[in-house]
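Each chain, written out:
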Amino acid sequence: MRRLNFYSHEKISDRIVVVTEGYSMVHRFTIGVVIGDKQVLVIDSGLGMTGDLRPYIESIVGRKKPLLCVCTHGNIDHIGAACTFDEAYLNHGDWDDVARALDRERRMRDLNSFSLFNKEVVEYGRVHMVDNSKTEFKDVVEGQNFDLGGVVVEPIDLYGHTWGHYGFYIRQENIAFGGDGINVDTHLKRLDRAGLFKYRDTLRRFLSITGDDVKIYAGHLNRPHKSNVAKNVALACEEVANGQTQGDPPAETIFLEKTGNPAMRMHYHGNSCIIYDASRLK
Ligand SMILES: [Zn+2]
């Protein structure tokens, strides 16, 4: 089988590298690499359909320092290769989801969608996927900063997309990695009305910690957002919670087993939208 490379990267500064894992041109996973003098922290780990993520990062940062991994949340496309690093961290709020996310057949089904149903990629994944069935996570909570030597990474609560979702802020670089919690399409399908109001407040609190000038990398985009995206998502949450949902179109999904659910809707504020479950708003 011909070898395929799904990774690319850009150096943002001496301390930050942004790696992209892409199984098609439209579905990509953004992986942050923060380079300390003593340790390297990898933020998210993709779908893990090959064992190549760690060697790829080592080709950039070398092999002398321990490589730790912290996942923004426990979804299948963020924890895939976490077990290949020296330590793996995930907030305990997502631990119940992990077994589902490590299921081999489910990972294959998701690869089918992420690759746009490409047989070559799916077959490659079937042969090369990381066996992550025994991944063990340590907890991460606010205040538990990663001091990597010369650079510190601060966990910030972003509970909403999942129950244990975190963002990570590198203050000296003014860069944050927001996972799936802050994006131009932010999926908040678990939240009811009260949850949406709470998420609005969570986003505003996030920005009160980072400041408005922060650059925010989202989990599926390799260019940073400005803080206006977080502000727009917060306002979209508020509007939906207040019942301003008239005309909101359906939010379709690439995952075949979940398609055609009429309760899933999109609501825009500015050019950012949230995807919500209308059946939870009654
Ligand atoms: Zn994701």
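For the structure, see preceding data.
Residues numbered from 1 in each chain as written. Predicted model: local features only at pLDDT ≥ 70, side-chain atom pairs only at ≥ 80, totals over all residues. Heavy atoms only, no water.

Caption draft 1: Quick look at the pattern of salt bridges. Here the structure, examined in full by the defined rule, presents 16 salt bridges. Ionic pairing is found between Arg-171 and Glu-154, a salt bridge with its closest N-O pair at 2.7 Å. Taken as a pair, Arg-171 in the loop between β9 (166–170) and β10 (175–179) and Glu-154 in strand β8 (residues 152–157) lie far apart in primary sequence, 17 residues in all. Judged by its relative accessible area of 44%, Arg-171 falls in the partly exposed class. The class of Glu-154 is buried, set by a relative accessible area of 15%. Linked through salt bridges whose partners overlap, the residues forming this network are Arg-54, Glu-58, Arg-63 and Asp-86. (Salt bridge = Lys/Arg side-chain N within 4 Å of Asp/Glu carboxyl O. Helix = DSSP H or I, 4+ residues; strand = E, 2+ residues; numbered from the N terminus. Buried < 20%, exposed > 50% of the residue type's maximum accessible area, 1.4 Å probe, protein only.)

Caption draft 2: Structural detail: the layout of surface pockets. Here the largest pocket defines a volume of roughly 1,200 Å³. As for the largest pocket, its lining consists of 40 residues, of which His-161, His-187, Lys-189, Thr-253 and Phe-255 are closest to the centre. Among the residues making up the lining of the largest pocket, the classes are represented as 15 nonpolar, twelve polar and 13 charged. (1 Å grid on protein atoms, 1.4 Å probe; cavity = no way out; pocket = protein on both sides within 12 Å on 5 of 7 lines; lining within 4 Å. Points joined across faces, edges and corners; volume = space filled by probe spheres on them. Nonpolar A, V, L, I, M, F, W, Y, C, P; charged D, E, K, R; others polar.)

Caption draft 3: Fine view of empty space enclosed by the protein. Taken as a whole and judged by the stated rule, the model has one cavity of 30 Å³ or more. Within this model, the largest cavity holds a volume of roughly 30 Å³. Lining the largest cavity are Thr-30, Asp-44, Thr-72, Phe-177, Gly-178, Gly-179, Tyr-217, Ala-218 and Gly-219. Sorting the residues of the lining of the largest cavity by element identifies β10 and β12 (215–218) as the ones contributing at least two each. Looking at the lining of the largest cavity element by element, the count peaks at three residues for β10. Each residue belonging to the lining of the largest cavity can be placed in one class, and the counts come to three nonpolar, five polar and one charged.

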